[in-house]
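# Residue-level structure breakdown
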Amino acid sequence: MTLIFHNHNFQYEMERLFRSFFPPIKIKLSYDKTDAVGDYCLTERIELEEKYIFSVQLCADEERYCFEEDVPEDTPVKEQERIMSVMLYKLLREYTGKDMPWGILTGVRPVKVISGINDADAEEKLWISLDKIELARKINRIQRPMIDDIPERSFSLYVSIPFCPTRCSYCSFVSHSVDKAAVRMDEYIDRLIEEMRQTADIAKQLGLQLDTIYFGGGTPTTLSAEQLKRLFSALDSFDRSRVREFTVEAGRPDTITKEKLTAIKEAGADRISVNPQTMRDSVLEAIGRRHTALQTEEAYALAREVGFRCINMDLIAGLPTDDIEGFRYSLDRVRELSPENITVHSLSLKRAATLFRDRDMCGSAGAADMIEYTHRMLQNDGYAPYYLYRQKNTADNQENTGYALPDTESLYNMYIMEELQTILAAGAGACTKLVDAANGKIHRISNHKFPYEYLDRFNDISSSKKEIFDFFV
Ligand code: SF4
């Protein structure tokens, strides 16, 4: 199938919307109208005097669908983009017979968009389903008091450990297997400590107050207990007197030991993630995670024994070889453990993931039903959805939602998703996000992605910190 963009600049939205209807198919992108042969979808803006004609056409399986609409030439560009998106949406809906729950919305943060408009506009102009509008409104209500509570000139610290024991087949994250990285692991930790100390110094000079701490990955618990302790020692450079939350995303159950959990607890962390993704061993094997459901339960029990007050568990809806019964079984087993937080992701098909190359394994396997089951059962159990984000090409066009028991929501997850607080980040692949919420300004500084780049070009990282001063002073 060829997707053609002619005489407009809405290619990003058109492509994302198109892919949401057909996540696993291969698409050729073109700006040349003469490519409109065979199976194709042409999106076009024709300029006439005082108006445009917008046209979308789909030729597939020897059938042809076409919509055209006159658009006044003084229509703002954003509105033009919306009009063409709705036209493409209606055309693909007619061809596939499917509705997309998030309508024409393709962005990462739908809660932010929906909070700025009324229900009628969300439904009629963006074609969002009533269920999703209600979900977004509920999340917005739950977040509001915590968002109003962000301390002035505060920031979150993010520390990146981009290593994993093996690569999961659905993952596109730039994480390195520990086997390959072991030779330079100690060097990585030394540099990371140096960057954290530089960050602490900058925060002090700018009068920024540390609010939340998050160690993520990858899998932070690929480090040994000794390495973790060494890394945590860099936190002494920060003023932690007003820290409200400290999370370590342990992640893979096969990397979790009592010594590591104790090191994390002694460093002051009060939240941890133990992520099963599924509780079916056959599915774990199919996605390349070398652990079992039993190991997840053992890691969870250890985390409780060590005394963590808040544990999050991640599941994924739509994994290859899984089905609705399998997903229900996974969710029910996790519910029996009663973690304070449960986060349910929808499988996202990413090009860099090995799964993407095996299209037979890319079926959504009823992800919409899995998400509906999650929402119903977790709310019955007393959990509430409190943050939500979307990724590209997700199974059944669904979302990722974090659920929490009352008063156990993660501030960091909310603040990062809604872009409300500055994040000073350290480590390979980490992205510092400077936020001036009052003036709607955001500036990003990305560190080198790969650990070897981070180590070999560390001076670049140190000099890019100057941008933090430029932003705040
Ligand atoms: S554990 Fe997470 S970051 Fe690591 S390979 Fe799997 S999905 Fe990717």
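Quick caveat: nothing in here was measured; it's all calculated off a predicted structure. (Residues numbered from 1 in each chain as written. Predicted model: local features only at pLDDT ≥ 70, side-chain atom pairs only at ≥ 80, totals over all residues. Heavy atoms only, no water.)

## Re the packing of aromatic side chains
Tallied over the entire structure, the rule returns 20 aromatic pairs. Summarising the aromatic geometry, the rings of Y387 and Y389 are spaced 6.3 Å apart at their centres and angled 10° between planes, so their arrangement reads as stacked. Here Y387 and Y389 have matching classes, each one buried. In textbook terms, an aromatic cluster arises when at least three aromatic residues are bridged by ring pairs, as seen for F18, F22, Y65 and Y95. Above the ring of Y52, the side-chain terminus of R45 is found at 4.6 Å from the ring centroid. One residue, R328, lies across the ring of Y373, its end atom 5.0 Å from the ring centre. (Phe/Tyr/Trp six-rings, centres within 6.5 Å; stacked < 30°, edge-to-face > 60°. Buried < 20%, exposed > 50% of the residue type's maximum accessible area, 1.4 Å probe, protein only. Lys NZ or Arg CZ within 6 Å of the ring centre and 35° of its normal.)

## Regarding unusual backbone geometry
As a rule of thumb, non-glycine residues mostly have phi less than zero, and peptide bonds are mostly trans rather than cis. Cis rather than trans, the peptide bond between G217 and G218 has omega equal to 10°. Residue placement: G218 occurs in the loop between β9 (209–217) and α8 (225–232). With a phi angle near 65°, N7 is a residue other than glycine that sits in the positive phi range. With a relative accessible area of 35%, N7 lands in the partly exposed category. Of note in the backbone geometry, E419 takes a positive phi value of approximately 55° without being a glycine. Here E419 shows up in the loop between α15 (411–418) and β16 (422–426). The class of E419 is buried, set by a relative accessible area of 11%. (Helix = DSSP H or I, 4+ residues; strand = E, 2+ residues; numbered from the N terminus.)

## Some remarks on the nonpolar core
In terms of nonpolar packing, the biggest core is built from 72 residues, with M196 and F215 touching the most fellow members. If you tally residues by element for this core, the top one is helix α7 (residues 185–206), at 10 residues. In this view, F215 contacts V159, M196, P220, L231, F232, L235, F246, T247, V248 and E249; residues no more than four positions away in its chain are not counted. Core analysis: the second largest hydrophobic core is formed by 39 residues, M14, F54, I83 and A122 among them. (Core = buried A, V, L, I, M, F, W, Y, C linked by side-chain atoms within 4.5 Å. Contact = heavy atoms within 4.5 Å.)

## Some details on the packing of helix α5 (residues 130–148) against α15
Packing of α5 against α15 brings their axes to within 11 Å, and their N-to-C directions diverge by 95°. On the basis of their axis angle, the class for α5 and α15 is roughly perpendicular. Judged by residue contacts, Q143, M146 and I147 of α5 engage L411, M414, Y415 and E418 from α15. Residues of the contact of α5 with α15, tallied by class, amount to 5 nonpolar, 1 polar and 1 charged. (Axes fitted to C-alpha atoms, helices over the stretch in contact; angles between N-to-C directions. Parallel < 35°, antiparallel > 145°, perpendicular 65-115°, else oblique. Nonpolar A, V, L, I, M, F, W, Y, C, P; charged D, E, K, R; others polar.)

## As for the pattern of salt bridges
Pairing is possible between side chains of opposite charge, provided their charged atoms come close. The full count for this structure, using the stated rule, is 36 salt bridges. The closest approach of N and O atoms between E419 and R109, which form a salt bridge, is 3.5 Å. With E419 in the loop between α15 and β16 and R109 in the loop between α2 (77–96) and α3 (110–115), this pair connects stretches of sequence that are 310 residues apart. Residues D470 and K466 are paired through a salt bridge, measuring 3.3 Å at the closest nitrogen-oxygen approach. Of the two residues, D470 and K466 are both situated in helix α18 (residues 466–472); the distance of 4 residues between them amounts to about one turn of the helix. Given the relative accessible area of 53%, K466 is considered exposed. Look at the salt bridges and you will find they share partners, linking R109, K112, E419, K433 and R444 into a network. (Salt bridge = Lys/Arg side-chain N within 4 Å of Asp/Glu carboxyl O.)

## Concerning the side chain of H345
Structurally, H345 is set in strand β13 (residues 341–346). Overall, the relative accessible area of 14% leaves H345 in the buried class. Within the structure, H345 has its side chain in polar contact with the side chain of D314 (distance 3.4 Å). Apart from the residues within four sequence positions on either side, H345 is in contact with D314, L315, I316, A317, Y389, E399 and N400. (Polar contact = N/O pair within 3.5 Å; in protein donor to acceptor, adjacent residues only side chain to side chain.)

## Some details on the state of the cysteines
As enumerated under the stated definition, the model contains 0 disulfides in all. For the unlinked cysteine C431, the closest cysteine sulfur is that of C171, found at 17 Å. With relative accessibility at 29%, the residue C431 sits in the partly exposed group. (Disulfide = S-S within 2.5 Å.)

## With respect to the domain arrangement of the chain
Interface size is often expressed as the accessible area that is lost when the parts come together. By domain assignment, the chain separates into domain 1 (2–98) and domain 2 (150–466). The centre of domain 1, based on its C-alpha atoms, is set 37 Å off from the matching centre of domain 2. (Domains from an automatic or database assignment.)

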